[in-house]
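Structural overview
Each chain is listed here by its residues.
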Amino acid sequence: MELNSRFLCFCFYPFCFGMVKQLHYFNPGHEIALFQGKGHFTPPGNVLKMMHDLACIPLWYAEDGDFVLVEESIKIYIDSIPKSICPYVIPVTSTLLKEKSSLIPELQATPWGISPHSLQRMSKLQKETGICLDVPAWDEEYYKLAGRQTAANCLASLREWLPDIVLPEVPVFFSSVDELEEYLHKQTGSCLIKTPYSSSGRGLLWLAGNSLTKKEKEWITGSIRKQGSVSLEPALNKQRDFGWEFLSDGKGGIVYRGVSPFTTNSKGSFLGNSIYAQDKILREIYQMLNPKEYNRILDAITGILQKMYSYIYKGCIGVDILIYQSGTGGYHLHPCVEINMRYTMGYLSLQLEKIIHPESKGIFRVTYDKGTLTCYQTHQEMQRLNPLSLSNGKIRKGYLSLCPVTSKTNYKAFITVEEKF
């Protein structure tokens, strides 16, 4: 990658002096790496391909003047983005960092998710390039904080703090199939089993009745063997999915950044986020939930996260929530479906709000095409059928790929924007 003008401007602008910028690194599959707990972990092939194809994702949520680690030059892609929406972030390869190490300011290593593997990757980069890179130390407490047991503990605390508000039951954890089956026999209605370490709809098993089939027992046995336990909770009549996004400073401070609507398929796998103004999102939420109760729950969970995370962890925290309908027809909030101790697509979507016109609505998606040529052709067709249209420097309508798409791409991250809200 060439040393472009945006890199030079950053290195010599006086306002940057004394400010520690971040070096972002996209490492999806973070929960798998975290569970493995080893620095020498090798991600599966599909995860490695996603890391490569979507390496530019942090460009869109990083702060101005931050750096983003990419594998190859993306100058052509950067030049293709309209200037009014182009993030003022510096993409760099490891080669560039090594060649220009004397020009690189002090940086804070900021992977998508903290794990022994991602931190080792950052430490290796520091040694190979010679840059001044502050790599966070691994803390064994992270392992516990990133698991579903912590989300269950958070829900239990909320039930104690807010006894007058209807909240769902706390998941129960089991380390043997026999114990789980005995408990299940006493339940009525559908249930949901989850593994302690998974995300984005993976590691879920839906149970229609109160007995287990042979195949379900095998799934549960294998999950317990791999991860030590599984949790069980009643399945809810879900109406809408949202994510609360927070930033923790690692020094006792935590800031709520916003709420992002997202969609899943029938099995709970992530499909995409909707992007539009916060006041409009809240208006939709308040049509189903009591505003006062909603904000009391949000304040309470902010306090719990502050106590549990903010003194030990620096970075993004995403809390998945959902609105469900009870048997009597009323709407209620599940305020802690899971806690993601990493950057999230919801946080990314919140950052994308600033480039979308306030009278428009965006949809963010990540898709996979088995054939690279198919992915590239689809990208070109979407550009042709939905060209970008800007108004007052923001996207009024159209298609925007958030990462370069070539004839070798399989994973594509993009937004489509519509004028009609």
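Residues numbered from 1 in each chain as written. Predicted model: local features only at pLDDT ≥ 70, side-chain atom pairs only at ≥ 80, totals over all residues. Heavy atoms only, no water.

1. Let's talk about the sheet that holds strand β7 (residues 191–194)
We apply this condition: By this definition, two strands are paired if DSSP reports at least two bridges between them. Secondary structure elements follow DSSP: runs of H or I no shorter than four residues count as helices, runs of E no shorter than two count as strands, and numbering proceeds from the N terminus. Angular values range over 0 to 180 degrees, each being the angle between N-to-C directions of two axes fitted as lines to C-alpha atoms, with helices fitted over their stretch in contact. Residue contacts are counted whenever heavy atoms from the two residues lie within 4.5 Å of one another.
Within the open sheet, the 4 strands sit side by side as β6-β9-β7-β8. Their pairing is antiparallel. Two strands lie at the open edges of the sheet, namely β6 (172–174) and β8 (204–207), each paired on one side alone. The mean inter-strand angle of the sheet, taken between neighbouring strand axes irrespective of direction, is 25°. Pairing of β7 with strand β9 (residues 230–234), which is carried by 4 bridges, proceeds in the antiparallel orientation. Directly across from K194, in β9, lies its bridge partner S231. Across the sheet, helix α10 (residues 214–227) is in contact with β6, β7, β8 and β9; its angle to β8 comes to roughly 150°.

2. Let's talk about the layout of surface pockets
For clarity, the cut-off: Of the grid points, spaced at 1 Å and generated over the protein atoms alone, those admitting a 1.4 Å probe that cannot get out make up cavities, while open sets with protein on both sides within 12 Å along at least five of seven lines make up pockets; any residue with an atom within 4 Å of a point is treated as lining. Grid points are joined across faces, edges and corners, and a volume is the space filled by probe spheres set on the points. The nonpolar class holds Ala, Val, Leu, Ile, Met, Phe, Trp, Tyr, Cys and Pro. Asp, Glu, Lys and Arg form the charged class, and all remaining residues, Gly among them, are polar.
Empty space within the second largest pocket amounts to approximately 540 Å³. The wall of the second largest pocket is formed by 31 residues, among which Q22, S248, K314, G315 and Y343 lie closest to the centre. Sorting the residues of the lining of the second largest pocket by element identifies β1 (21–25), β4 (107–111), β10 (237–249), β11 (254–264) and β13 (314–325) as the ones contributing at least two each. Counting residues per element, the lining of the second largest pocket draws most heavily on β4, at 4 residues. Considering only residue class, the lining of the second largest pocket consists of 18 nonpolar, 8 polar and 5 charged.

3. Regarding empty space enclosed by the protein
Under the criterion given, the structure shown has 4 cavities of 30 Å³ or more. In this model, the largest cavity occupies a volume close to 90 Å³. The wall of the largest cavity is formed by 13 residues, among which E31, A146, S198, I339 and N340 lie closest to the centre. Elements with a contribution of two residues or more to the lining of the largest cavity: α2 (30–36), α8 (148–161) and β14 (331–340).

4. Quick notes on the sheet that holds β11
As summarised here, the arrangement of the 9 strands in space is β14-β13-β10-β11-β12-β15-β18-β17-β16, forming an open sheet in which the pairing is antiparallel. Each edge of the sheet is formed by a strand with only one pairing partner; in this case those strands are β14 and β16 (389–391). Averaged over all pairs of adjacent strands, the angle between strand axes in this sheet comes to 30°, irrespective of strand direction. Across 3 bridges, β16 lies against strand β17 (residues 394–401) in antiparallel orientation.

5. Digging into the environment of S231
The condition is simple: Think of it in three bands: residues with accessible area under 20% of the maximum for their type are buried, residues over 50% are exposed, and the middle band is partly exposed, with areas taken using a 1.4 Å probe on protein chains only.
In this structure, S231 sits in strand β9. Owing to a relative accessible area of 1%, S231 belongs among the buried residues under this scheme. When the C-alpha atoms of S231 and G303 are compared, they prove to be 25 Å apart, with 72 residues separating the residues in sequence. Not counting the four nearest positions on each side in its chain, S231 is found in contact with P171, V172, F173, L192, I193 and K194.

6. Topic: the nonpolar core
The nonpolar side chains of a soluble globular protein tend to be buried, and buried together. Test applied: Residues belong to one nonpolar core when they are buried, are Ala, Val, Leu, Ile, Met, Phe, Trp, Tyr or Cys, and are joined through side-chain atoms within 4.5 Å.
Residues W244, F246, I301, L305, I317, V319 and I339 are the most contacted members of the largest nonpolar core, which totals 40 residues. Taken together, the elements giving at least two residues each to this core come down to α7 (141–145), α8, β10, β11, α11 (278–286), α12 (291–308), β13 and β14. L305 has contacts with F246, I254, S310, I317, V319 and I339, leaving out every residue within four places of it along the chain. Core analysis: the second largest hydrophobic core is formed by 37 residues, L59, W60, I85 and Y411 among them.

7. Focus: the packing of aromatic side chains
Two numbers describe a pair of aromatic rings. These are the distance of the centres and the angle of the planes. Heads up, the condition is: Only centres within 6.5 Å qualify two rings of Phe, Tyr or Trp (six-membered ring in Trp) as a pair; their planes then separate them into stacked at under 30 degrees, edge-to-face at over 60, and tilted for everything else. In this scheme, Lys NZ or Arg CZ marks a charge over a ring once it lies within 6 Å of the ring centre and within 35 degrees of the ring normal.
Under the criterion given, the structure shown has 15 aromatic pairs. When the ring of F262 is compared with that of F270, the centres are 6.3 Å apart and the planes differ by 40°; the resulting orientation is tilted. What makes F262 buried here is its relative accessible area of 12%. Note on F270: relative accessible area 27%, which makes it partly exposed. Both rings, one in Y368 and one in Y411, keep their centres 4.8 Å apart while their planes meet at 50°; by these two values the pair is tilted. Taken as a pair, Y368 in strand β15 (residues 361–368) and Y411 in strand β18 (residues 411–418) lie far apart in primary sequence, 43 residues in all. Aromatic rings pair up to connect F26, Y61, W112, Y343 and Y347 into one cluster. Directly above the aromatic system of Y25 lies the positively charged group of R121, at a separation of 5.6 Å from the ring centroid.

8. A word on the packing of helix α9 (residues 177–184) against α10
The criterion, for reference: Any angle that is under 35 degrees is reported as roughly parallel, and any over 145 degrees as roughly antiparallel; angles of 65 to 115 degrees are reported as roughly perpendicular and all others as oblique. Handedness of a crossing follows from how the near helix is turned relative to the far one, being left-handed for an anticlockwise turn of less than a right angle and right-handed for a clockwise one.
Viewed as axis vectors pointing N to C, α9 and α10 meet at an angle of 130°, and their least axial separation amounts to 10 Å. Viewed along their axes, α9 and α10 adopt a mutual orientation that is oblique. Crossing angle aside, the handedness with which α9 passes α10 is right-handed. Contacts from V177, L180 and E181 in α9 reach K217, I220, T221 and I224 in α10.

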